[in-house]
Amino acid sequence: MTEIKLLDGSESYQLSKHVGEKIDGDPLWTARFLATNPDAVLAMHLDFLRAGSNIICTNTYQASVPGFVKYLNVTEEEGINLIKSAVKLARKAIDIYKEETKCTDVQNKNPLIAGACGPYGAAQHDSSEYTGSYGKIIPQSTLMDFHRIRIKALIDAGVDLLALETIPCYEEAEALVELLKEFPTAKVWLSFSCREDAKNLADGSNFQESALRCYKNAQPGQIVAIGVNCLPPKIVSTLLKGINNGDRDFIPLVVYANSGEKYFPDEGWKIVEDSPSSEYFVKEWIDLGVRYIGGCCRTDVSNLEKISIEIKKWKAENIK
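Here tryptophan 285 is to be found in helix α10 (residues 282–288). Expressed as a C-alpha distance, the spacing of tryptophan 285 and valine 236, which sit 49 residues apart in the sequence, is 8.1 Å.

Attention now goes to the nonpolar core. Judged by nonpolar contacts, the single largest core of 112 residues is most densely connected at Phe68, Leu162, Trp189, Phe192 and Phe207. No other element matches helix α5 (residues 76–100), which puts nine residues into this core. The residues touching leucine 162, leaving out its near neighbours within four places in the chain, are Gly115, Cys117, Ile151, Leu154, Ile155, Leu180, Ala186, Lys187, Val188 and Trp189.

Attention now goes to the packing of aromatic side chains. By the definition in use, this model includes seven aromatic pairs. Geometrically, the ring pair formed by tryptophan 29 and tyrosine 61 is edge-to-face, given 5.6 Å between the ring centres and 70° between the ring planes. Taken as a pair, tryptophan 29 in the loop between α1 (11–15) and α2 (33–36) and tyrosine 61 in the loop between β2 (55–57) and α4 (65–72) lie far apart in primary sequence, 32 residues in all. Of the two residues, tryptophan 29 and tyrosine 61, neither departs from the other in class, the shared state being buried. An angle of 55° between the planes, with centres 5.2 Å apart, marks the rings of tyrosine 120 and tyrosine 134 as tilted. Placement of tyrosine 120 in the loop between β3 (112–117) and α6 (140–156) and of tyrosine 134 in the loop between β3 and α6 is noted, with a sequence separation of 14 residues between them. Given the relative accessible area of 13%, tyrosine 120 is considered buried. Taken together, the aromatic side chains of Tyr120, Tyr134 and Phe146 make up a single cluster linked through ring pairs. In this structure, lysine 17 packs its charged tip against the face of tyrosine 13, placed 4.8 Å from the ring centre. A cation over an aromatic ring shows up here: arginine 213 above the ring of tyrosine 170, its NZ or CZ 4.6 Å from the ring centre.

Taken together, the buried positions of α4 are occupied by Val65, Gly67, Phe68 and Leu72. Seen from one end, α4 has its buried residues packed into an arc of 160°, which puts them on one side. In α4, the exposed residues that point more than 90 degrees away from the buried face are Pro66 and Lys70. Contact partners of the buried residues in α4: α2, α5 and α6. Following α4 by one or two positions, asparagine 73 has its phi on the positive side, about 60°.

One can describe the packing of α4 onto α5 by two numbers: an axis separation of 8 Å at closest approach and a directional angle of 115°. Relative to α5, the element α4 is oriented roughly perpendicular. Both α4 and α5 take part in a crossing whose hand is right-handed. For the pair α4 and α5, the contacting residues are Val65, Phe68, Val69 and Leu72 in the first and Glu76, Gly79, Ile80, Leu82 and Ile83 in the second.

Further remarks concern the packing of α5 against α6. Between α5 and α6, the least distance of the axes is 8 Å, while the angle of their chain directions is 45°. When the axis of α5 is compared with that of α6, the two are oblique. Crossing angle aside, the handedness with which α5 passes α6 is right-handed. For the pair formed by α5 and α6, the contact residues are Ile80, Ile83, Lys84 and Val87 on the first element and Ile149, Arg150, Ala153, Leu154 and Asp156 on the second. When the residues that make up the contact of α5 with α6 are grouped by side-chain class, the tally is six nonpolar, no polar and three charged.

The next subject is the pairing of strand β7 (residues 253–257). Of all five residues that make up β7, five are buried, and the element is covered over most of its length. On β7, burial covers both faces: Leu253, Val255 and Ala257 on one face and Val254 and Tyr256 on the other are all buried. In terms of strand pairing, strand β6 (residues 223–229) meets β7 through four bridges, oriented parallel. Directly across from isoleucine 226, in β7, lies its bridge partner leucine 253.

What follows is about α6. Over its 17 residues, α6 runs 24 Å from end to end, which matches the ideal 24 Å to within 8%, given 1.5 Å per residue. Along α6, the helix axis deviates most sharply at arginine 148, where the bend reaches about 30°. Listed as buried for α6 are Leu143, Met144, Phe146, His147, Arg150, Ile151, Ala153 and Leu154. Looking at the buried positions of α6, the neighbouring elements they touch are α5, β3, β4 (161–167) and α7 (170–179). Where α6 terminates, the next one or two residues include glycine 158, which has phi positive at roughly 100°.

Now for the environment of glutamate 279. Within the secondary structure, glutamate 279 is located in the loop between β9 (268–270) and α10. Note on glutamate 279: relative accessible area 12%, which makes it buried. Sequence separation between glutamate 279 and lysine 306 is 27 residues, and the spatial gap between their C-alpha atoms is 5.9 Å. The contacts of glutamate 279, once residues within four sequence positions are left out, are Lys306, Ile307 and Glu310. At 2.9 Å, the side chain of glutamate 279 forms a polar contact with the side chain of serine 277.

About the criteria used
- Residues numbered from 1 in each chain as written.
- Predicted model: local features only at pLDDT ≥ 70, side-chain atom pairs only at ≥ 80, totals over all residues.
- Heavy atoms only, no water.
- Helix = DSSP H or I, 4+ residues; strand = E, 2+ residues; numbered from the N terminus.
- Core = buried A, V, L, I, M, F, W, Y, C linked by side-chain atoms within 4.5 Å.
- Buried < 20%, exposed > 50% of the residue type's maximum accessible area, 1.4 Å probe, protein only.
- Contact = heavy atoms within 4.5 Å.
- Phe/Tyr/Trp six-rings, centres within 6.5 Å; stacked < 30°, edge-to-face > 60°.
- Lys NZ or Arg CZ within 6 Å of the ring centre and 35° of its normal.
- Arc of directions from axis to C-beta.
- Axes fitted to C-alpha atoms, helices over the stretch in contact; angles between N-to-C directions.
- Parallel < 35°, antiparallel > 145°, perpendicular 65-115°, else oblique.
- Left-handed = near helix turned anticlockwise from the far one by under 90°.
- Nonpolar A, V, L, I, M, F, W, Y, C, P; charged D, E, K, R; others polar.
- Pairing = 2+ DSSP bridges.
- Expected span 1.5 Å × (residues − 1).
- Bend = angle between axes of the 7 residues up to and from the residue.
- Polar contact = N/O pair within 3.5 Å; in protein donor to acceptor, adjacent residues only side chain to side chain.

Below, the structure is given as structure tokens:
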């Protein structure tokens, strides 16, 4: 049977429904609430689980120990413990959800936790995550050092897998693949940030060449899926077409697109043109090999519920 995993949606967008504070523009983004409002983080995870998510991500996309030290005035050890607390909050949400649904027939009876690891650029607060320009400048060892401390904390805290996401340049993806050799039992998905030309990564590298090279160079079985996130749904298929064609072994794909709005660093999210939302493309994506589907920026539980309906329709039509 073909297994399709429903991921969660935008943590900042869903979290905003539980807090009265500004989230976008904060140098720690949603990770600040691990320290200031963990109950809101817990409520956000529960929202996604109740919407049917099979996998929820920890609230650590923009978390980094140097960032916590600088912006929360904590010690390095306290920063590491904050990252670990994100896993505990996700686990607590799953325990509550399992208790809520123990007498109910739900399709996500045993949700998993993915440790969210955003790109180096996201923690620099200079918008470089949108260009990936640092890939040609920053040494691989520096990129590995940046990711190592968070990845180790997440693994030590007991995540089921890692979400290495929104990677804008091949050099950073390559550094992550090399770093994963230090964590041989870890399972990950590797998801890239791409330009709207539906061909290249944010830094201009070819998406498919970069993704396939990383998949091939990783230890066998360590990367459970490759794909894209935080891009308009309408360009996803063009990026993925061909990956699972020909003589190549089947490669599971992951997609969590944004709402279709466009982000401007100085202005925020804006609608610049009509862009159909993800549920209109779900069946097409599954046919291309997508096995993990969720939402990214500006998507919430209502979007996940629509995606879930389309997954069920595809299964009804294709699985006998």
